[in-house]
Amino acid sequence: MRRRVGRPSLLGTMARTAVIAGTAQAAAGSVAQSQAAKAQAAASEQAAAQATQAELADLRNQVSQLQAPPAPPAAPAPAPAPSAAPAGDLMSQLQQLASMKEAGLLSDAEFAAAKARLLG
Amino acid sequence: MAMPLGPIEIVVFSLPGDGLAGEVLTEVQSLVAAGTVRIVDAVLARRDADGALTLAELADEPSWDDLAGSIDHVEGLVAAEDVDLLTADLPAGRAGLVLAFENTWVRPLLAAVRGAGGAVLGEVAVADVVVQEIADTVPDEEENR
């Protein structure tokens, strides 16, 4: 057992990645789902510990956007309305992602996936 | 570790007693010998009558140490926490054989997909009982004619 105890969990890591990358809904099976729920809760807790209330609201909004299921290939998501996501907003979202990565909330791969989603 | 790792799949089998079923060992060994799979980690989790879970390494099981020797070792890849989750439904008096393996056909296929500018959009494994249940609801074309 020596090397198994206290090591990062594959399932937990996978679920956390799915939450950030917005593929949690695709995770099948009760184990994956309960892990995804835990990861989501953990992500919220970590965010709460590090962010002010205003920042937290932004992060939640951002995570829920990232979690929106991808549009089907036949109907690509329309360009976001200017009022919903002006260029400055996109920039601030990217900056937030970068700071989440710096804070250790996102791994390199998660950051890349989330960034790719933001940039459409 | 000789080779870099591709995506791995984890399967947990619930087996009676100590979980060291000879016919399962034989089949796993032939899959490894044929190069169909590469076992990257394996662990046994035994649930006693009181519900307590004990982990055992294959290398410590004389009848299975041959297999342990052929594991392309990343021993400890499957964390104890993973084993707890994976064997949550394991009944008392049974053993969960946790096998983490790489399907050797995946990596070249993945390389081809990525080379073609593609990506993995999703993957899901469907249990055989579910496949059968749904397959049974598919109307038989012969009958409809």
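Above this note sits the structure.
Residues numbered from 1 in each chain as written. Chains lettered and ligands numbered in written order. Predicted model: local features only at pLDDT ≥ 70, side-chain atom pairs only at ≥ 80, totals over all residues. Heavy atoms only, no water.

Things to note about the pattern of salt bridges
Then step 1. Tallied over the entire structure, the rule returns six salt bridges over all chains.
Then step 2. For R4(A), the salt bridge goes to E57(B), with nearest N and O atoms at 2.8 Å. Separated into two different chains, R4(A) in the segment before α1 (10-21) and E57(B) in the loop between β3 (53-56) and α2 (65-70) make up a pair that spans both.
Then step 3. Note that R107(B) and E102(B) form a salt bridge whose closest N and O atoms lie 3.0 Å from each other. (Salt bridge = Lys/Arg side-chain N within 4 Å of Asp/Glu carboxyl O. Helix = DSSP H or I, 4+ residues; strand = E, 2+ residues; numbered from the N terminus.)

Looking at the sheet that holds strand β2 (residues 37-47) of chain B
All names here are of chain B.
Then step 1. Taken in spatial order, the four strands line up as β1-β4-β2-β3 in an open sheet, and their pairing is antiparallel. Edge positions in the sheet fall to β1 (9-16) and β3, since each of these pairs with one other strand and no more. Averaged over neighbouring strand pairs, the angle between their axes works out to 25° when direction is ignored.
Then step 2. The pairing of β2 with strand β4 (residues 94-103) spans nine bridges and is classified as antiparallel. Within β4, the position partnered with L44 by the bridge is L97.
Then step 3. Most of the contacts of helix α1 (residues 22-33) go to β2, to which it runs at about 160°, and overall it touches β1, β2 and β4. (Pairing = 2+ DSSP bridges. Axes fitted to C-alpha atoms, helices over the stretch in contact; angles between N-to-C directions. Contact = heavy atoms within 4.5 Å.)

A word on the nonpolar core
Residues and elements named next belong to chain B.
Then step 1. Counting 19 residues, the largest nonpolar core has I39, L44, L58, W64, L97 and L99 as the members making the most contacts within it.
Then step 2. Every element with two or more residues in this core is listed here: α1, β2, α2 and β4.
Then step 3. Here L44 is in contact with D18, G19, L20, T54, L55, A56, L58, E61, A95, G96 and L97, once residues within four sequence places are set aside.
Then step 4. Listed in part, the 10 residues of the second largest apolar core include V40, V43, A45 and V78. (Core = buried A, V, L, I, M, F, W, Y, C linked by side-chain atoms within 4.5 Å. Buried < 20%, exposed > 50% of the residue type's maximum accessible area, 1.4 Å probe, protein only.)

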